[in-house]
Amino acid sequence: MSSLQPVRGTRDLIGDEQRRHRHVIDTARHVSGLYGFEEWSTPIFEETRVFSRTLGETSDVVTKEMYTFTDRGGDSVTLRPEGTAAVCRALVSNGLTQSLPQKVFYAGPMFRYERPQKGRYRQFHQIGLELIGPAEPLADAEVIACGWQILSDLGIAKSVVLELNTLGDMDSRTAYRAALVDYFTRFATELSEDSKARLERNPLRILDSKDEGDRRIVADAPTIAGHLTPLAAGFYDSLRNSLTALGIPFVENPRIVRGLDYYNHTAFEFVTTELGAQGTVMGGGRYDGLVKQMGGPETPAVGWAAGIERLAMLVTALQAEAAPIAVIPAGEEAEGAAFGVLQKLRQAGIRAEMSYRGNMRRRMERANKLGARAAVILGAEEAARGVVQLKDLVSGDQREVARDVLVAAIRALPSAGADA
Ligand code: ATP
Ligand code: MG
């Protein structure tokens, strides 16, 4: 068999990469909890129609990127390309549409058949929030504020910019759509094939095109500002005021429409210049029509999703794990007793390690290599007396400690580096 590799566009997460990945999820889970969000897990595959009908028939995700297959029973299923549609499906399936608001946090793998490059994979991972129920712009401000606090706690808020836009309500959209059709029709022959198809079915989608030629045409396209109804303009004002009051900086970008069709009113992205073309780290908005499309009642909602890989690349300082304690038997006869001490430390919540072999000197070398905070050394004689030698590997001090106060003595060690 030729050497086995992960499938193109998928990656193994090992060592530092896995630590970064986990740090992003742990931080998001903690912060979203402060805002009252509760974690949901939905299956990684769904009936294909959960996505095909709702994400937009002209969206890139539905036209080119879905991993869809027929299972052995003949049903069409799709590996989830995003989380929002699945959460809305779950809201309806679980009869929660009358128990609002629901504040949902999720984290997990997503699948899109894309051209792999830095920050773009076929299996990637997202964290996300959905705030389902409230129609007030305060809800939009709350999900954005939570996203901002997660980015701040990850230490990357200073390298991202919040770009904000409104897509208006139904009436604003209808008027804007007509203006866009007018404009793009003038360039119909120059548009990419994809955008030609979008011109009739969903001209707004052209604003999100990644084609160079399209982008030049898009640069001068009309913006929605002149087409907003008073209601939609008021909603947007209110959101901007809330963000300003919270001290969350943003810039307005009328080109943000988001890659999926279900958005209305608020659309936003947190963007960085530090990841080349893959600059969007978090994106979201309001999607008041989606729950109804899933077969539920009309239910307003707002949320965002963020790519964990892109966030993990931006995280600079990972919090170091506490330095371990090395347990070192002096002589083979003490190995059993030392292994018992090791277990007691771990049961007390202390990170501890013991090598599987080697004399004192080798084990001590290994302890230093691990960056151990202290060594607990015991020979047969200490074992018999119920004591150990506790050696502070930072100061070099060594003293005898009774085994029943060892945990307290270790906890009392000044934290490494604190007084350096
Ligand atoms: P892009 O414009 O980069 O394709 P998108 O609009 O398709 O992004 P969303 O569907 O809004 O992205 O997903 C939210 C976030 O998930 C993105 O901002 C990004 O951080 C991440 N993401 C999306 N697709 C991928 C991918 N293929 N690989 C890694 N991360 C991704
Ligand atoms: Mg995409």
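Description of the structure in this document.

Calculation notes
- Residues numbered from 1 in each chain as written.
- Chains lettered and ligands numbered in written order.
- Predicted model: local features only at pLDDT ≥ 70, side-chain atom pairs only at ≥ 80, totals over all residues.
- Heavy atoms only, no water.
- 1 Å grid on protein atoms, 1.4 Å probe; cavity = no way out; pocket = protein on both sides within 12 Å on 5 of 7 lines; lining within 4 Å.
- Points joined across faces, edges and corners; volume = space filled by probe spheres on them.
- Helix = DSSP H or I, 4+ residues; strand = E, 2+ residues; numbered from the N terminus.
- Nonpolar A, V, L, I, M, F, W, Y, C, P; charged D, E, K, R; others polar.
- Expected span 1.5 Å × (residues − 1).
- Buried < 20%, exposed > 50% of the residue type's maximum accessible area, 1.4 Å probe, protein only.
- Arc of directions from axis to C-beta.
- Contact = heavy atoms within 4.5 Å.
- Polar contact = N/O pair within 3.5 Å; in protein donor to acceptor, adjacent residues only side chain to side chain.
- Near = heavy atom within 4 Å.
- Areas by Shrake-Rupley, 256 points an atom, 1.4 Å probe, with all protein chains shown as cover.

1. Let's talk about the layout of surface pockets
Reasoning step 1: Within this model, the second largest pocket holds a volume of roughly 560 Å³.
Reasoning step 2: Looking at the second largest pocket, it is lined by 21 residues, and the ones nearest its centre are Met170, Arg173, Asp261, Tyr263 and Asn264.
Reasoning step 3: Here the lining of the second largest pocket gets 4 residues from one element, more than from any other, and that element is helix α6 (residues 170-185).
Reasoning step 4: Looking at the lining of the second largest pocket, its residues break down into 8 nonpolar, 6 polar and 7 charged.

2. Description of α6
Reasoning step 1: Along its 16 residues, α6 runs 22 Å from first to last C-alpha, staying within 8% of the 22 Å computed at 1.5 Å per residue.
Reasoning step 2: When we look at burial in α6, the residues that qualify are Ser172, Tyr176, Ala179, Leu180, Tyr183 and Phe184. All buried residues of α6 lie within an arc of 125 degrees about the axis, which places them on one face of the element. Those residues of α6 that are exposed and angled more than 90 degrees off the buried face are Met170, Asp171 and Asp182.
Reasoning step 3: Looking at the packing, one finds that the buried side of α6 touches α7 (193-201), α8 (212-218) and α9 (230-246).

3. A word on the environment of tyrosine 176
Reasoning step 1: With respect to the element layout, tyrosine 176 can be found in helix α6.
Reasoning step 2: When its relative accessible area of 2% is taken as the criterion, tyrosine 176 is described as buried.
Reasoning step 3: A polar side-chain atom of tyrosine 176 sits 2.8 Å from the main-chain carbonyl oxygen of proline 222.

4. A look at the site of ligand 1
Reasoning step 1: The full set close to ligand 1 counts 15 residues, and Arg112, Glu114, Arg120, Tyr121 and Arg258 are the nearest of them.
Reasoning step 2: Measuring from an oxygen atom of ligand 1, one finds a side-chain N or O atom of arginine 120 at 2.9 Å.
Reasoning step 3: In the environment of ligand 1, an oxygen atom lies 3.0 Å from a nitrogen or oxygen atom belonging to the backbone of threonine 280.
Reasoning step 4: In the complex, the protein chains occlude 93% of the 580 Å² of accessible area that ligand 1 would expose alone.

Don't take any of this as a statement about function, it's just geometry.
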